[in-house]
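An overview of the molecular structure
One letter stands for each residue in the lines below.
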Amino acid sequence: MLIEFSRVKSFRRLCSGILSRYNIIKDARKVESGSYIVSCSPVSVLWMRSSDVRNVTTSTTLSSKVRQNPKKRDMSEKKLTRHFVDQRRVKLVAGSGGKGSCSFHSEPRKEWGGPDGGNGGDGGSIIIKADRFVKSLAQVVTLYKGEDGQSGGSKNCYGRNGSTTYISVPLGTVVKEQGKTLADLAAHGQEFLAVFGGAGGKGNRFFLSNENRAPMTATPGTVGQERVLHLELRTMAHAGLVGFPNAGKSSLLRAISNARPAVAAYPFTTLNPHVGIVQYRDHQQIAVADIPGIIRGAHLNRGLGISFLRHIERCRFLLFVLDLSAPEPWTQLQHLRYELDQFEPGLSKRPQAIIANKMDLSEAQERLETLKSHVTQRVIPVSALTGQNTEELILHLRELYDGYLQCGGIQDKDIPIKS
Ligand SMILES: Nc1nc2c(ncn2[C@@H]2O[C@H](COP(=O)(O)OP(=O)(O)OP(=O)(O)O)[C@@H](O)[C@H]2O)c(=O)[nH]1
Ligand SMILES: [Mg+2]
């Protein structure tokens, strides 16, 4: 009997165990990505733990889901929200310039050596810089204060300039001020000089002239620029789970990714978007966002309103999650598309997949056939609760992603931003 082990660790545990000691394992062959194909007697299968054996290993996340510690408590919605921040309002105050100095040179036999007060240093500016290693705006704080320039000194000493403060943000961050877009940081290392530091003051040496050989004037530095900016991630995730409340979006994200959004049997359990990463054997990662439920009239700000339609706008492809425990699931699809198009015409035309969830329920099979006759696109039946057929969804997600890459995709810049 041939069995594939998805994880090397499972295989090692098996080899060191009783099965290898009694020669129950006959042969082991290593295949790509560190998996092993083992031939052994059918009896030995009974000895193995079910979590060790998987026939298809598209994603490591599924096996990790099975292995998760049941005693570990889920994080609250509030705590989960802190992990992914996709917009921030920041106040930036650049450093002020240092004061110019007023002093006169004096030494033995040279009592009137003239003015020697140095200039103050310039205040530090604040620059917003795109960094590909930063994944969310969670580490961006609400207030940044630039370093002040140092004051000038006697003996023509100039004050030191305040150093520049850098704020690292993820690629695709849009900088806005009062709804107006100022910058779109799409490439690694791209910078936006947000606020200028104040100029340093002049020392009295600067004012020396033929008319005035002993100037007493020294100016203070100017204050740094101050601004309130809004940072927003243009793209939130590759795929967005779109559906009515209770359709099972959060359950589905838990089933296919490493994310752990809260799941409950009442509507509007999810109040903020969560992003999970679906991992593939070739180390490709696809980000999937669980977006709070949409209801009819969402484009008129009903339910959780427009802000969540905006999150959908920032996903490159859409996964419509339909609840097959409801009598006519195809009407959900029509309503969802209507809401999306009302918010932004053409939004529902993005590359998409239709997911028929809750297939473990008895009435779902019949409804699935009717649903298929109502829609032209491919319908993927799954059960987020039991994990049934989630592998087809994971593979289809990859197809969507590869298609997106091949045709150049919707470039980040093509996704319109609403102010
Ligand atoms: N039988 C069955 N129940 C499911 C399935 N998926 C989800 N549920 C249940 O449906 C209820 C709602 O699931 P959630 O994942 O919280 O739904 P949601 O779409 O995230 O809901 P909101 O966050 O309110 O928008 C929970 O009681 C789940 O246990 C499924 O495949 N089968
Ligand atoms: Mg939810």
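To be clear, the structure that these remarks concern was listed above.
So, here's what we can say about the structure.

The rules behind these values
Residues numbered from 1 in each chain as written. Chains lettered and ligands numbered in written order. Predicted model: local features only at pLDDT ≥ 70, side-chain atom pairs only at ≥ 80, totals over all residues. Heavy atoms only, no water. Salt bridge = Lys/Arg side-chain N within 4 Å of Asp/Glu carboxyl O. Helix = DSSP H or I, 4+ residues; strand = E, 2+ residues; numbered from the N terminus. Buried < 20%, exposed > 50% of the residue type's maximum accessible area, 1.4 Å probe, protein only. Core = buried A, V, L, I, M, F, W, Y, C linked by side-chain atoms within 4.5 Å. Contact = heavy atoms within 4.5 Å.

**Quick word on the pattern of salt bridges**
Applying the stated rule across the entire model yields 13 salt bridges. One salt bridge connects aspartate 148 with lysine 145, and the closest N-O pair in it is separated by 3.5 Å. One salt bridge in this structure joins arginine 160 and glutamate 147, with 3.1 Å as the shortest N-O distance. With a gap of 13 residues between them, arginine 160 in the loop between β6 (143-145) and β7 (165-169) and glutamate 147 in the loop between β6 and β7 connect regions that are remote in the sequence. Classification of glutamate 147 as partly exposed rests on a relative accessible area of 30%. It is possible to trace a salt-bridge network through shared partners that takes in Asp282, Arg398 and Asp402.

**Re the nonpolar core**
Core analysis: the largest hydrophobic core is formed by 31 residues, its most contacted members being Ile294, Ile312, Leu324, Leu340 and Leu371. Listing elements by their share of this core, those giving two or more residues are β12 (237-243), β14 (285-290), α7 (306-313), β15 (315-323), α8 (329-343), β16 (352-357) and α9 (364-374). For this core, the element with the highest residue contribution is α8, accounting for five residues. Contact partners of leucine 371, with chain neighbours within four places excluded, come to Leu322, Leu324, Pro329, Trp330, Ala356 and Val379.

**Here we look at the environment of valine 321**
Relative to the helices and strands, valine 321 is located in strand β15. Given the relative accessible area of 0%, valine 321 is considered buried. Sequence spacing of valine 321 and glycine 240 is 81 residues, and the spatial spacing of their C-alpha atoms is 9.9 Å.

**Some words on unusual backbone geometry**
Positive phi, normally seen in glycine, also occurs at asparagine 156, with a value near 60°. Checked against the element boundaries, asparagine 156 lands in the loop between β6 and β7. Phi at histidine 283 is positive, roughly 70°, even though this residue is not glycine. Checked against the element boundaries, histidine 283 lands in the loop between β13 (274-279) and β14.

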